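Architecture and fold: a report
So you can see what is in the structure, the chains are spelled out below.
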Amino acid sequence: MKPAPFEYHAPTTTEEALSLLAEHGYDAKILAGGQSLIPMMNFRLVQPAILVDLNNIPDLAYINPGDDGGLRLGSMTRHHQVETSPLVAERAPLIHETMPKIAYPQVRSRGTFGGSISHADPSAELVALSVALDGNFRLRNRDGERWTPAREFFVGLFTTVLEPNELLVEASLPPMPPHSGWSLKEVARRPHDFALIGVAAVVTLDEKGLCQQARMVLISAGDVPMVAHKAVELLKGQAPTAEAIKAAAEVAATEDIDPSSDIHATAEFRRHLANVLSRRALEQAFQRAAENK
Amino acid sequence: MIKKFIGKRVMRNEDPRLLTGQAQFVDDVEIPGMLHAAFLRSDYAHARLLSIDVSAARQHPGVVAVFTAEDMGDDWFPGPPLVSPPPTAKDVTFHSRRQVPLVKDKVRHAGEAIAVVIAESRYIAEDAVEDILVEFEPLEAVVDLEKALEVNSVLVHDDLESNLAAQMFQQKGDYEAARQQADLVIQRRIVIERGAAAAMENRGIVAHWDAKSQHLTIWDTTQAPIPIRNGTAARLGLSEHQVRVIAPFIGGGFGPKIMMFYAEELVIPWAAKKLNRPVKWIEDRRENFYATTQERGQVHDVEIALSRDGHILGLKDNFLHDTGAYDPYGLTIPLNTQSHDMGGYDIKNYSSEFKVVFTNKTIVTPVRGAGRPQGIFVIERMMDAAAKELGMDAVEIRKRNLIPPEAFPYEHKIIDQAFAPLIFDSGNYKAVVDKALDMIGYDKFVKEEQPHLRVDGKYVGIAIAPFVETTGVGPYEGARVTVEASGKINVATGIGTQGQGHFTSFAQIVAEQLGVEVNDVRIVTGDTTEFHWGTGTFASRGAVVAGNAVHAASSIVRKKILKLASKVLEAPEDELELEDGQVRVADIPQKSVSLGELAVLANPLRGAVEPGTEPGLESTAYFGPQYGATAFGTHAMILEVDPETMMIKIRRYVTVEDCGTVLNPLILEGQIHGGVSMGLGNAYYEKLHFDENGQLLNASFADYLVVSATEMPRIEVGHLETRSTLNELGAKGVGEAGAIPVPALFAQALENAFHDRKLEILEMPLSPNRLFELLNEEKSR
Ligand SMILES: Cc1cc2nc3c(=O)[nH]c(=O)nc-3n(C[C@H](O)[C@H](O)[C@H](O)COP(=O)(O)OP(=O)(O)OC[C@H]3O[C@@H](n4cnc5c(N)ncnc54)[C@H](O)[C@@H]3O)c2cc1C
């Protein structure tokens, strides 16, 4: 399990990294925390000719407050930094609460926010959360930059809108509106495994205690983070009663997702879990929203 | 007062080295000029090899050699039969088919080695493996045990008439007659699937041929260094004294490392000699999933006959056993299954036939438990089925059938891996079960807590599973104990060590005999230059067989010490005491001599040694038990399951072991903890998924789920000590005990948790997904 030969570059500035990407394009692979890429290289599933290592670019690792009350995360911010940041705990409690569910400490000390997003694994928590929180990503190439909303960023299994010459440099996560509640529920074989199914929910109540807005995203439920559009439609403008939640969870599990079967779970079991966890996530999110008046 | 070391929680002598990275493992061996090997392995499970072209690989820069079966010439021949069927047994069919160094004609399992590349680095070797071109004719794979025996099945070995590797029948009493008497007969089909041993350290070998001294040194992650030495010498036409095999520290054995000779063990030493360069091969995790042996696959058709009051009148168990592509390890596993099929119950009538089946899967040899967990799973599942049918309490039906204390030595009569009709030497089974019940608070839980939990909508089940473990089988082990001039003791034994704490438990035995501190005893294991008689570490036999050899040798050394000291101190031997590295006259403590001084006196540089005496304070002794010592234990657990997600939480886990004399409770508990973790894997996490083409679908730790710290419950360990009558220490083995009853226990606990469902579990391992399916099937019944 040794990787095929490759050429290694360790730029110290973002600009330098971008010009390497401009030069080598499809032949190059970016190395962030290496927690997904290195195993794939050792299995020889990917054999990049050129590796551009971002680990020597200090400018890409930061957690800053956003002007909108949200957060700005540099792509090379380690999972561990996110997990232990008081700013994240305050401004993005959903992320704070979720971080310990991603792998285990060794992996979190190397893995990065940007790596997880760029890898676009539909089983990755941060991928789903970035959509649930309505985040935006800043992508740069040598000649400029563009912003892409998270909900448009993930286009297929391990596939994003990133061009071969582009780098994800930053994520911007807006604050949740007042009277919001959140939840992440997941079932994993072992606590540090990728989830068989996970559900991230963010809901907002209006003055009357009715559901004003809701976003629910399912993990490991399709090729991309699966947004439960139909389920959420059922809830909007409704009182979040047990029956309403139950009905929404049912729809999420049957109509909003497209899970597949593998050795760990059949599609049928995944739909069953999606139903159970959607209900539990919505219950907790609405309860928190009610408490957050 | 003489210090006692046996039975004390002595910290392990070897741990400082292990924990600070100062212990030598095979991959730590570095030799100037050393080359690295990588194997080309088959992607197909079953295919004819039409042609192989290694020319491009040979041209690859940095490659020194590429070898195929062809290149091995006359040195190509299969591995030796490791274990043959019991010579004592009648009516045995056995077709011996053994693994080959490199595939010549036909691939018989995915991952079988076809060629080896030897290069300046492992990286280059792996690159060049990709340059080898092989033309295959893919064949249908034999995967399913039952289909494998159908008349029109494709054959794993073309020269045999069928895929039947072996067949054997054993019985005692008269099952059919017992069945006629029965009030209740229950039949079930039970399926047990394969798992991996998943040792932390994979296999590895370094071979170094020194042409000038005509000597071959091999470092090997083997559990059996001496047989590896002898076999390698024979294969390469060398004297046994030209070959030294070192099994250094090993990161876990669990059985697969007792298997020999692996293809790599046949190829690497041969290649090193041929190239006259040291060669290293370190197995990677993916190779380990394909090329290191596995265990557990069996299908049982069981029948139990009972009287209305819950007494077992007879048991019949016909089963299939998957041996994979070859059967070098003979019948050890199915024999163990037969000898554990009746657990610790007094069953007078038993009938069992097993068929061993060749399949296009990785070779099967013992993995911790080695056929015993299957036997215990079968009998315990039948006990639970019977209890339900009879409306009896799960504990009561078990107690009613346990072998009573007065029945020992108990004639079990079934031939086991020791090749003789089994006898259980000693035991007090009911006391062990009672202690486990007491520790877990069985009655209180069932009467007071469980009803409340059920009212609260919680699914919490309790279970109790007794089991036997045959341990400490022969043939023999030996040890040499030497008092050195420093007063420290050196002990050499032939068995290897893979984490069992031999450096401590053996030292305790010696320290107790010779009156020294435990860390004054240096233990050497697994180096054939230090000791070259013995077989290996397997079958929970290290402490029993090697331990008693160490005990015997140190007793003789003790006698030599006393004899010499008696002369030096001018006092009779029975007035002497050994303590703190000194021999003292009991009532006159100032009259003493140190062991070091005695050692020098026993090995003088001048003067005469009395005729008939040997120099030094040294002795070599051997121990070979008449038959194995049988241990007993009981596990109990309280298990909570989320009925919606199938996720589990173990609230309590209790084990009570009776493995005779406990040498070191700390080490014993470590063995139990490790065993339980493997057992939990076999119950709910660890299953090798082979598809219909014989492809392994989860050949990595991302998908093969070993139990990790997060799944482990806190384990409460209780001990009872019923001495073995078969050895002086009174010890029985415990190395595999922890793993044996866990799947049976887990199934019982799950059924008990789902009190409002007719859940019946007849397969292992389960998974949340499978449990969900079983509950759905129950719903639609
Ligand atoms: C044992 C284990 C368990 C895990 N469990 C979980 C889990 O439960 N949940 C979970 O979400 N994740 C899990 N992971 C994955 C982990 O979170 C990884 O850290 C993450 O998926 C990838 O981040 P990385 O920084 O390691 O990226 P890398 O592995 O370095 O890169 C991943 C991919 O993204 C590309 N890339 C990286 N950075 C950028 C960038 N800035 N711009 C463009 N492309 C980029 C790389 O080229 C590569 O293709 C687990 C990993 C392991 C090893």
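So, a few notes on the structure that sits alongside this text. The shown structure was predicted, so the numbers you read here are calculated from the model rather than taken from an experiment.

**Overview of the overall build of chain B**
The helix and strand inventory of chain B stands at 19 helices and 30 strands. In terms of C-alpha radius of gyration, chain B reaches 28 Å, essentially the compact-globule figure of 28 Å for 781 residues. Referenced to the eigenvectors of the C-alpha coordinate spread, the extents of chain B come out at roughly 90 × 75 × 50 Å. Out of the 781 residues in chain B, the part that is buried amounts to 62%. Long-range contacts, defined as pairs at least 24 residues apart, comprise 80% of the intrachain contacts of chain B with a sequence gap of at least 6. Accessible surface, chain B: about 28900 Å² in total, of which carbon and sulfur atoms supply 50%. A distance of 3 Å separates the average location of the 78 positive side-chain charges in chain B from that of its 108 negative side-chain charges.

**Let's talk about the pattern of salt bridges**
Side chains that differ in sign of charge can pair as their charged atoms come close. Within the structure shown, the criterion is met by 71 salt bridges over all chains. Linking Lys230 of chain A and Glu255 of chain A is a salt bridge whose minimum nitrogen-to-oxygen distance equals 3.7 Å. Of the two residues, Lys230 of chain A is situated in helix H10 (residues 229–235) and Glu255 of chain A in helix H11 (residues 242–255); the sequence distance between them amounts to 25 residues. Looking at Glu255 of chain A, the relative accessible area reads 46%, which means it is partly exposed. One salt bridge connects Asp434 of chain B with Lys399 of chain B, and the closest N-O pair in it is separated by 2.8 Å. Note that Asp434 of chain B is positioned in helix H12 (residues 429–440) and Lys399 of chain B in helix H11 (residues 394–401), a separation of 35 residues in sequence. A residue is classified by how much of its surface remains accessible, and Lys399 of chain B, at 25% relative accessible area, is partly exposed.

**A word on the interface of chain B and chain A**
Residue-level contacts link 32 residues of chain B with 28 residues of chain A. Here chain B and chain A share an interface that buries about 2600 Å² over both sides, 55% of which is from carbon and sulfur atoms. Summed over the three residues of chain B that lose the most area to chain A, namely Glu644, Asn769 and Phe772 of chain B, the buried surface amounts to 22% of that side. For the interface between chain B and chain A, the tally reads five salt bridges.

**So, helix H10 (residues 372–390) of chain B**
All names here are of chain B. Between its first and last C-alpha, H10 extends 27 Å over 19 residues, near the 27 Å set by a 1.5 Å rise per residue. Taken across its 19 residues, H10 has 16 buried, putting it largely inside the fold. Downstream of H10 by a residue or two, Gly391 has a phi angle that is positive, lying close to 65 degrees.

The rules we used
Residues numbered from 1 in each chain as written. Chains lettered and ligands numbered in written order. Predicted model: local features only at pLDDT ≥ 70, side-chain atom pairs only at ≥ 80, totals over all residues. Heavy atoms only, no water. Helix = DSSP H or I, 4+ residues; strand = E, 2+ residues; numbered from the N terminus. Rg over C-alpha atoms; globule rule 2.2 N^0.38 Å. Buried < 20%, exposed > 50% of the residue type's maximum accessible area, 1.4 Å probe, protein only. Contact = heavy atoms within 4.5 Å. Areas by Shrake-Rupley, 256 points an atom, 1.4 Å probe, with all protein chains shown as cover. Lys, Arg positive; Asp, Glu negative; His and termini not counted. Charge placed at Lys NZ, Arg CZ, Asp CG, Glu CD. Salt bridge = Lys/Arg side-chain N within 4 Å of Asp/Glu carboxyl O. Buried area = accessible area lost by both parts, 1.4 Å probe. Expected span 1.5 Å × (residues − 1).

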